[in-house]
Structure formats: structure tokens, C-alpha cells
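Coordinate analysis (summary)
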Amino acid sequence: MLKASIGGAGAGMAMAALLSANAAEKLWGKIFLVLSPLFAVILSAVFEWVLISMERLSRAKKAKIRHGLVQGMLTQASLTPERKEQLDQELIEIQNEALRWGFTLN
């Protein structure tokens, strides 16, 4: 969230810096100065959405890989009860993460 806020604030400051002192007195300059903060907020929201989407995709990919590995390990016949319990706990944690982030493991 901090990265997105910095990106939005930087964009707003850059847009305001583009406007010279003489242009600020004209009508289009005043409109630009009024809309710059709005554009910066919208840009910040878009950056935040992109970052969250990328993190969600990354987590989903990693969780699906871990889920497949754990399920594969659980099918081994030579598992000790302690190891089976650890793998069951890992499977529960992976499923909880999938629920928390809203993706499926299939």
C-alpha cells in the first residue's frame, strides 16, 4: 500500500510541476490543478490494485505447487505417524491460505 501511495503522490506532484506559473492563471491551468489530485488518487488506487493482484497470483501459484507436493507425499506408504501429522497440518495451512486469499487449489 505504501508503494502505491508513493506512486500516486509522485504522479500528482509531477503533474503539478508540469504546470508553469503563467499557465496556472488560465482556465485550463486551473482545471488541471483541480484535477491533478483526483488523478493522483485514481492512479494510486490502480497501482494498489495491480500490486494486490500480482501478490494474489503469486500466492496462488506457490500454494498450488505446495498443495500438490504435500498431497504427493501423503500418498507414500512409508510415512511415520508424526510425519503424516506434519503433512496434514501443512495441508490445512495451505487450504486456509487459499480461503483467505480467495483462490482454489484445483
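Residues numbered from 1 in each chain as written. Predicted model: local features only at pLDDT ≥ 70, side-chain atom pairs only at ≥ 80, totals over all residues. Heavy atoms only, no water.

Here we look at the overall build of the protein
Across its full length, the protein carries 3 helices and 0 strands. Its helices and strands taken in sequence order, the protein reads α-α-α from the N to the C terminus. The proportion of buried residues among the 106 residues of the protein is 22%. Across the protein, contacts joining residues at least 24 apart in sequence account for 59% of those joining residues at least 6 apart. A total of about 7,900 Å² of accessible surface is found on the protein, and carbon and sulfur atoms cover 68% of it. (Helix = DSSP H or I, 4+ residues; strand = E, 2+ residues; numbered from the N terminus. Buried < 20%, exposed > 50% of the residue type's maximum accessible area, 1.4 Å probe, protein only. Contact = heavy atoms within 4.5 Å. Areas by Shrake-Rupley, 256 points an atom, 1.4 Å probe, with all protein chains shown as cover.)

Comments concerning the nonpolar core
Formed by Ala60, Ala63, Val70, Leu87, Leu91, Ile94, Ala98, Phe103 and Leu105, the largest nonpolar core amounts to 9 residues. For this core, the secondary structure elements donating two or more residues are helix H2 (27-74) and helix H3 (81-101). By residue number, the principal contributor to this core is H3, which donates 4 residues. Ala63 has contacts with Ile94, Glu97, Phe103 and Leu105, leaving out every residue within four places of it along the chain. (Core = buried A, V, L, I, M, F, W, Y, C linked by side-chain atoms within 4.5 Å.)

Comments concerning the pattern of salt bridges
Enumeration according to the criterion identifies 5 salt bridges in this entry. The residue Arg59 makes a salt bridge to Glu55 at a minimum N-O spacing of 3.2 Å. On the criterion of helical spacing, the pair formed by Arg59 and Glu55 is a turn pair, its members being 4 residues apart in helix H2. Residue classification places Arg59 among the partly exposed positions, given a relative accessible area of 30%. Assessed through its relative accessible area of 35%, Glu55 is described here as partly exposed. One salt bridge in this structure joins Arg66 and Glu97, with 3.4 Å as the shortest N-O distance. (Salt bridge = Lys/Arg side-chain N within 4 Å of Asp/Glu carboxyl O.)

Some thoughts on a nonpolar patch on the surface
Where nonpolar side chains cluster on the molecular surface, the patch consists of Leu27, Ile31, Val34, Leu35, Leu38, Ile42, Val46, Trp49, Val50 and Met54 and spans about 1,000 Å² of accessible area. Structurally, the position occupied by Leu27 is in helix H2. The exposure class assigned to Leu27 is exposed, which follows from its relative accessible area of 63%. (Patch = residues over 30% accessible without salt bridge, like charges linked within 9 Å, V, L, I, M, F, W, Y side chains within 5 Å.)

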